[in-house]
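What follows is the residue order along each chain.
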Amino acid sequence: QKEVEQNSGPLSVPEGAIASLNCTYSDRGSQSFFWYRQYSGKSPELIMSIYSNGDKEDGRFTAQLNKASQYVSLLIRDSQPSDSATYLCAVIGSSGSARQLTFGSGTQLTVLP
Amino acid sequence: AAGVIQSPRHLIKEKRETATLKCYPIPRHDTVYWYQQGPGQDPQFLISFYEKMQSDKGSIPDRFSAQQFSDYHSELNMSSLELGDSALYFCASSQSRQGANEQYFGPGTRLTVT
């Protein structure tokens with residue numbers, strides 16, 4: 001079992017709809033959670049970070065964290081074709097001083113015009 | 001805003017050759033990370049440096065080594081290259097001293113081993 005699990009998709013939504021991406025993690029002591037967007041052949045681009053339970057909103061993006069359920073989600077409102085990409089959930093675990101990211105396998109999102 | 005710089009962007013090597021990848025972190029960032037992303041896979045952590053000292057080690061082969069220099073740039077040295085080393089190699093940096101864990105990735109180096 002991977003330490004960070006995501007629905008692999010692909011996920012297709014029509015333009016203007018809400019896209020919902022989900023992620024679970026196994027390290028209960030994890031404190032830092034991130035969503036990256038990655039276009040094919042490009043580098044991961046940080047779009048959201050969240051550290052506390054609850055919601056965090058930034059423009060069309062909302063990240064939700066529930067540490068009790070070990071669950072992180074990303075909502076994309078008013079989805080645009082340019083949002084079509086792979087979305088990577090990443091977690092910094094609790095082991096020692098380690099700050100490296102552990103990634104999920106990514107969810108491929110397609111926004112249909 | 002300044003971003004992470006990586007060079008070269010593309011590199012083609014033959015089996016058993018060596019390769020050196022360079023990374024220039026965002027100014028004032030004190031931590032550098034190296035990740036490897038194979039085709040269709042998620043990025044895997046290789047190694048990191050904090051204030052020029054190795055801080056963590058992941059799934060980095062013994063054939064690979066890395067260091068961070070006094071100007072904070074980092075180099076990943078890869079020897080005895082194998083076909084399986086063909087991948088995208090990303091460098092990321094963060095400002096850990098400030099307690100910020102956000103990592104910003106460079107554009108990557110695409111390594112092809114033939």
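## Examining the environment of Glu17(B)
Item 1. Take Glu17(B): it is sitting in the loop between β2 (10–13) and β3 (19–24).
Item 2. Along the primary structure Glu17(B) and Asn101(B) are separated by 84 residues, whereas in three dimensions their C-alpha atoms are 35 Å apart.

## Some words on the packing of aromatic side chains
Item 1. In this structure the tally under the stated criterion is 11 aromatic pairs over all chains.
Item 2. Taken together, the aromatic side chains of Tyr36(A), Phe103(A), Tyr33(B), Tyr35(B), Phe45(B), Phe90(B) and Phe105(B) make up a single cluster linked through ring pairs.
Item 3. The positively charged end of Arg60(A) is found above the aromatic ring belonging to Phe61(A), 5.5 Å away from the centroid.

## Details of the interface of chain B and chain A
Item 1. Taken residue by residue, the interface counts 18 residues in chain B and 22 residues in chain A.
Item 2. Carbon and sulfur atoms supply 51% of the area that chain B and chain A bury against each other, a total of about 1600 Å² over both sides.
Item 3. Among the residues of chain B in contact with chain A, Asp42(B), Asn101(B) and Phe105(B) are the three that bury the most area, contributing 32% of the side total.
Item 4. Between the two partners, chain B and chain A, sit 0 salt bridges.
Item 5. Scanning the region where chain B abuts chain A turns up 9 residue pairs in polar contact (both at pLDDT 80 or more).
Item 6. Where the side of chain B that touches chain A is concerned, the elements lending two or more residues are β4 (31–37), β9 (87–94) and β10 (104–105) of chain B.
Item 7. Element by element, the count of residues in the side of chain B that touches chain A is highest for β4(B), at 3 residues.

## Brief notes about the sheet that holds strand β6 (residues 54–58) of chain A
Residues and elements named next belong to chain A.
Item 1. A sheet is described by the order of its strands in space; here 5 strands give the open sequence β1-β3-β8-β7-β6, paired in antiparallel fashion. Edge positions in the open sheet fall to β1 (4–6) and β6, since each of these has one partner strand only. Here the strands of the sheet are splayed against their neighbours by 20° on average, with no regard to which way each runs.
Item 2. Bridge count for β6 against strand β7 (residues 61–66) is 5 bridges, and the pairing is antiparallel. Across the sheet, residue Asp 58 finds its bridge partner in β7, namely Phe 61.

Parameters and conventions
- Residues numbered from 1 in each chain as written.
- Chains lettered and ligands numbered in written order.
- Predicted model: local features only at pLDDT ≥ 70, side-chain atom pairs only at ≥ 80, totals over all residues.
- Heavy atoms only, no water.
- Helix = DSSP H or I, 4+ residues; strand = E, 2+ residues; numbered from the N terminus.
- Phe/Tyr/Trp six-rings, centres within 6.5 Å; stacked < 30°, edge-to-face > 60°.
- Lys NZ or Arg CZ within 6 Å of the ring centre and 35° of its normal.
- Contact = heavy atoms within 4.5 Å.
- Buried area = accessible area lost by both parts, 1.4 Å probe.
- Salt bridge = Lys/Arg side-chain N within 4 Å of Asp/Glu carboxyl O.
- Polar contact = N/O pair within 3.5 Å; in protein donor to acceptor, adjacent residues only side chain to side chain.
- Pairing = 2+ DSSP bridges.
- Axes fitted to C-alpha atoms, helices over the stretch in contact; angles between N-to-C directions.

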